[in-house]
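# Analysis of the macromolecular model
Here are the chains, one letter per residue:
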Amino acid sequence: MQQMPCKFACLFKITKTRGVTFQQLNSLKRTYVAQNNRTLCQQSKLKPKSSASPFPEGEHLALEKSVVREVRPVSPLVPPPSEKLEINEGLESTAVAGDLETVVGTSSKKEKQWKEMKLNLDELPGILARLSKIKLTALVVSTASAGFAMAPVPFDLQCFLLASLGTGLSSCAANSINQFFEVPFDSNMNRTKNRPLVRGQISPLLAVSFAVSCAVPGLALLTFGVNPLTGALGAFNIVLYTCCYTPLKRISIVNTWVGAVVGAIPPVMGWTAATGSLDAGALLLGGILYSWQFPHFNALSWGLREDYSRGGYCMMSVTHPAMCRRVALRHCFALIGLSSLAPVLDVTTWTFPIISLPINLYISYLGFRFYKDADRSSSRKLFFCSLWHLPLLLLLMLTCKKSFYEKDNKKETVN
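Residues numbered from 1 in each chain as written. Predicted model: local features only at pLDDT ≥ 70, side-chain atom pairs only at ≥ 80, totals over all residues. Heavy atoms only, no water.

## Quick look at the packing of helix α7 (residues 134-150) against helix α20 (residues 376-399)
- One way to put it is that α7 packs onto α20 with a least axis distance of 10 Å and a crossing angle of 15°. As judged from the angle between their axes, α7 and α20 are roughly parallel. α20 is crossed by α7, and the crossing has left-handed handedness. Residue-level contacts link L139, T143, A146, A149 and M150 of α7 to L390, L394, M397 and L398 of α20.
- When its residues are assigned to classes, the contact of α7 with α20 shows 8 nonpolar, 1 polar and no charged. (Axes fitted to C-alpha atoms, helices over the stretch in contact; angles between N-to-C directions. Helix = DSSP H or I, 4+ residues; strand = E, 2+ residues; numbered from the N terminus. Parallel < 35°, antiparallel > 145°, perpendicular 65-115°, else oblique. Left-handed = near helix turned anticlockwise from the far one by under 90°. Contact = heavy atoms within 4.5 Å. Nonpolar A, V, L, I, M, F, W, Y, C, P; charged D, E, K, R; others polar.)

## Let's talk about the confidence of the model for the protein chain
- When the pLDDT values of the protein chain are averaged, the result is 79; 68% of them are 70 or greater.
- When pLDDT is averaged over each element of the protein chain, helix α19 (residues 357-373) comes out on top at 95 and helix α3 (residues 56-71) at the bottom at 45.
- For the stretch residues 39-47, pLDDT sits under 50, and the model shows 1 contact to residues farther than four places along the chain or on other chains. (pLDDT = per-residue confidence, 0-100.)

## Overview of the packing of helix α11 (residues 204-226) against helix α12 (residues 228-248)
- Interaxial distance between α11 and α12 falls to 6 Å at its minimum, and their mutual angle equals 160°. As far as their axial angle goes, α12 and α11 are roughly antiparallel. As for the relative orientation of α11 and α12, their crossing is left-handed in sense. Where α11 approaches α12, its residues L219, L222, T223 and V226 are matched on the opposing element by P228, T230, G231, G234, A235 and I238.
- Its residues placed into classes, the contact of α11 with α12 shows 6 nonpolar, 4 polar and no charged.

## A look at the pattern of salt bridges
- Across all of its chains, the model carries 5 salt bridges by this definition.
- Among the ionic pairs, E182 bridges to K249, the shortest N-O distance being 3.1 Å. You can see E182 sitting in the loop between α8 (157-181) and α9 (183-186) and its partner K249 sitting in the loop between α12 and α13 (255-275), a full 67 residues away along the chain. For the pair E182 and K249, a shared accessibility class is recorded, and that class is buried.
- Note that D186 is salt-bridged to R195, the shortest N-O span being 2.9 Å. (Salt bridge = Lys/Arg side-chain N within 4 Å of Asp/Glu carboxyl O. Buried < 20%, exposed > 50% of the residue type's maximum accessible area, 1.4 Å probe, protein only.)

## A word on α19
- The terminal C-alpha atoms of α19, which comprises 17 residues, lie 24 Å apart, in line with the 24 Å expected from a rise of 1.5 Å per residue.
- Among the residues making up α19, those that are buried are I359, N360, I363, S364, L366, G367 and F370. On an axial view of α19, the arc spanned by its buried residues comes to 160°, and they lie on one face. Opposite the packed face of α19, turned more than 90 degrees from it, sit the exposed residues P358 and K372.
- Elements in contact with the buried residues of α19: α14 (280-302), α17 (321-341) and α20.
- Just downstream of α19 lies A374, where phi reads positive at about 55°. (Expected span 1.5 Å × (residues − 1). Arc of directions from axis to C-beta.)

Here it is as structure tokens:
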């Protein structure tokens, strides 16, 4: 208190020379009051800790830090519980950041590496069956067998088995290569998006290896086990299906006619396997299969127009719908004419055109309804009719075929 006049004298001198501000005077007042009047001094009280934290995020982060501390301790030596609470937050944040960097680095390395494809050997037969389109392959083998049985020669069981096996292996190879080429397009279609290559159930290398392992022995059986003509037809059919029909599906509607030729060759192969020559009967069987495919496939593609358009395929049902219905009806009538031509070419008796007329008229009627209505119902009826029409027609043809002995006796009578 005794030093205050001296301080005021010093302050007066400073004020006289430099000047004083309002803030300096106010600070001097508070200092004087605090030192001389203790009762006026404000007493600060510590704020009590609240039971509930106003920031739940802080609690969540604290829990996460505690979990990180338990899983990845900073020190290799586990400290006692009393010392765990005093760990520096800087070390904790460094540990968390280090863990995040490790996880990110590991994931980036895994993305850059090739992923190993695991293949279950128990599922491999089913995958290969779907890769080779086993139902379509069975249809191809059955038509080839019908061609072999229709040939006017004695039945040779060994040749029949070799021809059937070689034709089946060739069909498996062609279908596998077809799926290999069409993976990016099949993935856009509902009908084909579950194929093995699209779903990644089998690697492309294994698919190509399977195709090669089917094509080589299949063509070898047809060429050396049957005859070179049948082997040449099998090789030609594989090339026509994989190198012509498959790319044409995205270029022109001509692919439908090329695909019909592919489907017409198997019965011709069966006939040549039995006779060793390309006769009029073989061409007749090929013509029946050729015409049958148009009502069958055009009716099928009519209900899949959205799928084919999404996949980028150029089909008659998508680009030329009127032509699609017209061509289907035209070839339904062609089946009647080809059936009537069979006894003329001395392949069957005259009974065949008569007993096959009802089923040929029925499929022609459904083809006409498809042509007039142009809806999904008529197309489905025509498609399902084609499924039973072909095997029944071939069965009737087989029951009415002329036997080898009748033809032999006819030749001897002429001579």
